[in-house]
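Coordinate analysis (summary)
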Amino acid sequence: MEIKRRRSVLYVPGSNVKALAKALRRGADCLILDLEDAVAPQAKAAARQNIRGFLRDGAGGQGEVIIRINALDSALAEADLAMIADAGADAVLVPKINGAPDIRSAAAAMAAAGVAGKTRLWVMMETPLALLEVARIAACAGARSHALAALVIGSNDLYAELRARPTPDRAAIAGLLGVCVAAARAHGLDVIDGVYNDFTDARGFAAECRQGADMGMDGKSLIHPAQIGICHEIFSPDAAQIRWAQEVIAAFARPENAAKGAISIGGRMAERLHLENAKRILFLAGMQGPQG
Ligand code: COA
Ligand code: MG
């Protein structure tokens, strides 16, 4: 199983030359260079050229660079994909998808445009239909080229389309988010939580990060560099989780536990099923899990 560090996923408008120039130095795990909602219609062509330049000379850092294209049924997507075919990117993020057929169309459009097969497909989960179809969407994972790798929650579009009201506990969408996490886990995909618009409200942002992390989200979509530090803090394993992971791995490696499914660690039950998450925690903490 491939594990990628995708705690922080920062949107950068393709039209914002200043933000693009410093984007790699901000330290986010992933960048989404946006050609869609963050870019005004009259700025699309210039944004494409800016991103082409970024991919040519800027990329090559540690994190993934993802390009969000315009909707596949718009007149803009073809030129977006042609630019990516030429300049290369780690993934293409496709907005406004509604179901499994759209996943197949997206991969076919990438192939037709000449985008390299190793370029992954990420999709926005932002329409009511997509949320209802998420199990079938996630089941498209496993394609060998232009493979579906991540679901990205599009909370602004989702609230608007549902006519729901955003509240601090996200009651209107929390159930849908949980189903997205289940679909992602069922098919080996990552799932990235939606944005928090008020980038000056650190406390509210931290609370929403924590809610997403508690639900099983792999990371959060960000709109401003000020959100990166808090996001990393919350989506990285803390000292207690690291200690627990080390203890679980060490305990199951001991010969006396070789035939046991459940053991006690400091008065808490640990089962063999906890081993996989323990290894993931150590990887995300930047610590190698022990061999075997
Ligand atoms: N990515 C990279 N850099 C960013 C950034 C982003 N998303 N948002 C702001 N910055 C940079 C600015 O360029 C500025 O750089 P400087 O160090 O050269 O001054 C610095 O961070 C401070 O920016 P600030 O003045 O606080 O913000 P702003 O008023 O210029 O911009 C927004 C506010 C919301 C317009 C801007 O953050 C933004 O465009 N965010 C992303 C929007 C988006 O992509 N939406 C689509 C997905 S929902
Ligand atoms: Mg949108």
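Here the residue numbering is sequential within each chain, running from 1 through the sequence in written order. Labels are handed out in written order, letters beginning with A for the chains and numbers beginning with 1 for the ligands. This being a predicted model, a pLDDT of at least 70 is required before a residue's local features are given, and a value of 80 or more before pairs of side-chain atoms are given or counted; all residues contribute to the totals for chains, interfaces and linings. To get the side-chain values, all heavy atoms of the structure are used, and hydrogens and water are removed first.

A look at the domain arrangement of the chain
When the parts of a complex come together, some accessible area is lost, and that lost area is often used as the size of the interface. As a reminder of what qualifies: Note that the domain bounds were set by an automatic or database domain assignment.
By the assigned domains, the chain splits into domain 1 (8-235) and domain 2 (239-284). For domain 1 and domain 2, the distance between their C-alpha centroids amounts to 33 Å.

Focus: the coordination of the magnesium ion (ligand 2)
Our working rule: Listed donor atoms are N, O and S within 2.8 Å of the metal (Na, K and Ca: 3.2 Å). As water is not included, a site may look incomplete. Working definition: helices are DSSP H or I runs of at least four residues, strands are E runs of at least two. Numbering for both runs from the N terminus.
Only D37 (OD) and D157 (OD) from the protein reach the magnesium ion (ligand 2) as donors, at distances of 1.8 to 1.9 Å. Taken as a pair, D37 in the loop between β2 (30-34) and α2 (44-58) and D157 in helix α7 (residues 155-162) lie far apart in primary sequence, 120 residues in all.

Side note on the pattern of salt bridges
Put simply, the rule reads: One side-chain nitrogen of Lys or Arg within 4 Å of one carboxyl oxygen of Asp or Glu is enough to make a salt bridge. Think of it in three bands: residues with accessible area under 20% of the maximum for their type are buried, residues over 50% are exposed, and the middle band is partly exposed, with areas taken using a 1.4 Å probe on protein chains only.
Scanning the entire structure with this criterion turns up 19 salt bridges. Linking D190 and R6 is a salt bridge whose minimum nitrogen-to-oxygen distance equals 2.9 Å. Residue D190 is located in strand β7 (residues 190-193), and its partner R6 is located in the segment before β1 (8-13); the two are separated by 184 residues in the primary sequence. For D190, a relative accessible area of 10% puts it in the buried group. A salt bridge links D86 to R56, with the nearest nitrogen and oxygen atoms 3.3 Å apart. Placement of D86 in helix α3 (residues 77-87) and of R56 in helix α2 is noted, with a sequence separation of 30 residues between them. Under the relative-accessibility criterion, R56 is labelled exposed at 56%. Ionic contacts of the salt-bridge type, sharing partners, join the residues D34, E36, R68, K96, E126 and D157 into one network.

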